[in-house]
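Secondary and tertiary structure notes
Chain by chain, the residues:
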Amino acid sequence: MNESFRAIPSVDAVLKSPAGQAAVDAFGRMEATARIRLALDAERQSAHEGRSLRDAQAIAALALSQLEAASRSSLRPVFNLTGTVLHTNLGRALLAEAAIEAATEAMRDAAALEFDLATGKRGERDDHLRDLVCELTGAEDATLVNNNAAAVLIVLNTLAGNGGGAVVSRGELIEIGGAFRMPDIMARAGARLVEIGTTNRTHEKDYRAALETGDVALILKVHTSNYRIEGFTKEVDAPSLAALARGAKVPLVNDLGSGTLVDLARWGLRREPTVREAVAEGADIVTFSGDKLLGGPQAGFIVGRRDLIAAINRNPMKRALRVDKLRLAALEATLKLYRDPDRLAERLPTLRLLARSQAEIAGTATAILPDVRAAVGPFYTVEIVNCGSQIGSGALPLDTLASSALAIRAVDDSGSALDRLAAALRALPVPVIGRIADGALLLDLRCLEDAPRFIANLRGLADGLA
């Protein structure tokens, strides 16, 4: 045992090895030395247990690999093969190249974020987007915050924050991801919920009865983008609500949730109400998201009457909810793409992925099938199957998009074998995220655009399954 301990190299010897020098160059002497000391402690334990020992180069290589693993960001790129295009847990919308370039430029240099270059005086960060948003929506004025939940929060707080009544149909009291519920947002905003109607039916008379109490600050209409009530139903449309609100001299707030600036039917998708339509129908305030159907970074847009937008901007909460220069730059570049609708699907990844035909996706499946079979080895079968993709993030929840997937099944029909495969795919340099359904691991290829990179990434998968 004493001989074994004497065979363990010194810290200095490990640092001087080629791998040790690489560790110092990459991570600095202090961090490299600390990691090498931990590796040497493990070698001493091995000597104590009579196991074989590593030489200086092998110890340094181990330390280097551990340093590389520890330095890797936990916010890693992944292959989204779940079949959900706007996957909340995977970051929702992919940004257009124009948006990425704009954000990069804003990161690299100082920017005129709140500085008016014409006058040399302090400016407003919303000015970078205000005219563009108004152009695309037809609204009098616009502002934005860091997401749509924040948009609803600050609108309610501004217009009904002192216990003012907010009239909402019971069928529109939505819950979004993470058990985030509209009544809770209203309570935090200081508004008082005035719930009317029933789950499936709400009439104009219900709104009138609430308004006649005289203790109402606004009417809130919520687009139920993440669920649908069907059958024996009744809701009051936005133009009728706008007329009721005008008669009662209270604003109508229309929360579109996901929100879209274009008619999706042009690309074969189910029609969703656009922001421009909501404004034209008489809403005084319209709120919607930036990182869902719009295809940009996370943001919450608020558009509508100039006097109400001005009041919202005076709310002290605005500073806490404001958007930084990176997102402003990316949003501006994204919104400018909408000026050219004929080329929008080419340039906006969200729309491009949603509009992909099943024939194109099936072609990708056929092309990569042999490589995937080789990567998973003889203990799994792989076949091409038809499937349905989802838009995600609460948009068109009942609609599916015809797609193709690779269905991987274990030869021994073991559920644990599929779990091992899913774990091995997640452990790849670029993790691959699919879904397990009907006894198979499904890799929906709607969101796979770089097949060669995907195949190269599969190298070493067999080692992870061993």
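Residues numbered from 1 in each chain as written. Predicted model: local features only at pLDDT ≥ 70, side-chain atom pairs only at ≥ 80, totals over all residues. Heavy atoms only, no water.

1. As for the overall build of the protein
Secondary structure summary: the protein contains 21 helices and 17 strands in total. With 466 residues in all, the protein has 48% of them scored as buried. The long-range fraction of contacts in the protein, counting pairs at least 24 apart against all pairs at least 6 apart in sequence, stands at 74%. Carbon and sulfur atoms form 50% of the exposed surface of the protein, whose accessible area is close to 22500 Å². (Helix = DSSP H or I, 4+ residues; strand = E, 2+ residues; numbered from the N terminus. Buried < 20%, exposed > 50% of the residue type's maximum accessible area, 1.4 Å probe, protein only. Contact = heavy atoms within 4.5 Å. Areas by Shrake-Rupley, 256 points an atom, 1.4 Å probe, with all protein chains shown as cover.)

2. Section: the state of the cysteines
Per the counting criterion, the structure on display carries zero disulfides. Of the cysteine sulfurs around Cys447, a residue in no disulfide, the closest is that of Cys387, at 11 Å. (Disulfide = S-S within 2.5 Å.)

3. Concerning the pattern of salt bridges
Oppositely charged side chains can pair when the atoms bearing their charge come close. Tallying each qualifying case throughout the model produces 28 salt bridges. The partner of Asp340 in a salt bridge is Arg347, with the nearest N and O atoms 3.9 Å apart. For Arg347, a relative accessible area of 36% gives the class partly exposed. Beyond isolated ion pairs, a larger network of salt bridges with shared partners links Glu114, Arg122, Arg125 and Arg322. (Salt bridge = Lys/Arg side-chain N within 4 Å of Asp/Glu carboxyl O.)

4. Remarks on the sheet that holds strand β14 (residues 401-410)
The strand order β13-β14-β17-β16 describes an open sheet built from four strands, whose pairing is antiparallel. Looking along the sheet, the strands with just one partner apiece sit at the ends: β13 (380-389) and β16 (435-437). Taken over all neighbouring pairs, the strand axes of this sheet differ in orientation by 35 degrees on average, direction set aside. The pairing of β16 with strand β17 (residues 440-444) spans three bridges and is classified as antiparallel. (Pairing = 2+ DSSP bridges. Axes fitted to C-alpha atoms, helices over the stretch in contact; angles between N-to-C directions.)

5. Thoughts on the nonpolar core
As a rule of thumb, soluble globular proteins bury nonpolar side chains together. Ranked by size, the top nonpolar core spans 59 residues in total, and within it Ile219, Val286, Phe288, Phe301, Val303 and Leu335 carry the most contacts. At five residues, the largest contribution of residues to this core is made by helix α7 (residues 127-137). Once you skip the residues sitting within four places of it in the chain, Ile219 turns out to touch Val167, Tyr207, Leu211, Leu241, Leu244, Ala245, Val250, Pro251, Leu252 and Val253. Ranked by size, the runner-up nonpolar core spans 33 residues in total, among them Leu369, Tyr380, Ile408 and Leu418. (Core = buried A, V, L, I, M, F, W, Y, C linked by side-chain atoms within 4.5 Å.)

6. Let's talk about unusual backbone geometry
Positive phi, close to 60 degrees, is recorded for Lys249, a residue that is not glycine. Position of Lys249 relative to the elements: it lies in the loop between α11 (238-248) and β10 (252-257). Unlike most non-glycine residues, Asp438 shows phi in positive territory, near 55 degrees. Relative to the helices and strands, Asp438 resides in the loop between β16 and β17.

7. Observations concerning the pairing of β17
With five of its five residues buried, β17 lies for the most part within the structure. Every second residue of β17 is oriented toward a common face, with Ala440, Leu442 and Asp444 on one face and Leu441 and Leu443 on the other, all of them buried. As paired strands, β14 and β17 are joined by four bridges and run antiparallel to one another. Each bridged residue has a counterpart across the sheet, and for Leu406 the counterpart in β17 is Leu443. With antiparallel pairing between neighbouring strands as the criterion, β16 and β17 make up a hairpin whose turn holds two residues, including Asp438 at a positive phi of roughly 55 degrees.

8. Some words on the sheet that holds strand β11 (residues 285-289)
The mixed open sheet is built from seven strands, whose spatial order is β4-β12-β11-β10-β9-β5-β8. The open sheet has two edge strands, β4 (141-145) and β8 (192-196), and neither has a second partner. Averaged over all neighbouring strand pairs, the angle between strand axes comes to 25 degrees, with direction disregarded. When β4 meets strand β12 (residues 300-304), the two strands line up antiparallel, connected through five bridges. Within the sheet, the bridge partner assigned to Asp141 lies in β12 and is Gly304. Strand contacts of helix α13 (residues 306-314): β4, β11 and β12, with the helix running at about 30 degrees to β4, the strand carrying the most contacts.

9. Here we look at helix α8 (residues 148-160)
Under the 1.5 Å per step criterion, the end-to-end length of α8 is 18 Å for 13 residues, consistent within 8% with the ideal 18 Å. In terms of burial, α8 is a largely internal element, ten of the 13 residues being buried. Of the positions making up α8, those classed as buried are Asn148, Ala150, Ala151, Val152, Leu153, Ile154, Val155, Leu156, Leu159 and Ala160. Sitting at the amino-terminal end of α8 is Asn147, which places a side-chain oxygen 3.3 Å from the backbone nitrogen of Ala149. (Expected span 1.5 Å × (residues − 1). Polar contact = N/O pair within 3.5 Å; in protein donor to acceptor, adjacent residues only side chain to side chain.)

10. Concerning the environment of Leu442
Relative to the elements of secondary structure, Leu442 occurs in strand β17. For Leu442, a relative accessible area of 10% corresponds to the buried category. Along the primary structure Leu442 and Ile384 are separated by 58 residues, whereas in three dimensions their C-alpha atoms are 9.5 Å apart. Contact partners of Leu442, with chain neighbours within four places excluded, come to Leu81, Val385, Leu406, Ala407, Gly434, Arg435 and Ala437.

11. Quick word on the packing of helix α6 (residues 97-108) against helix α15 (residues 325-337)
Packing of α6 against α15 brings their axes to within 8 Å, and their N-to-C directions diverge by 150 degrees. Considered as vectors, α6 and α15 are oriented roughly antiparallel to each other. Judged by the twist between their axes, the crossing of α6 over α15 is right-handed. Here Ala98, Ala99, Ala102, Ala103, Ala106 and Met107 of α6 come into contact with α15, specifically with Lys325, Leu326, Ala329, Ala330, Ala333 and Thr334. Of the residues that constitute the contact of α6 with α15, the class distribution is ten nonpolar, one polar and one charged. (Parallel < 35°, antiparallel > 145°, perpendicular 65-115°, else oblique. Left-handed = near helix turned anticlockwise from the far one by under 90°. Nonpolar A, V, L, I, M, F, W, Y, C, P; charged D, E, K, R; others polar.)

Everything listed here is a matter of geometry and, on its own, says nothing about what the molecule does.
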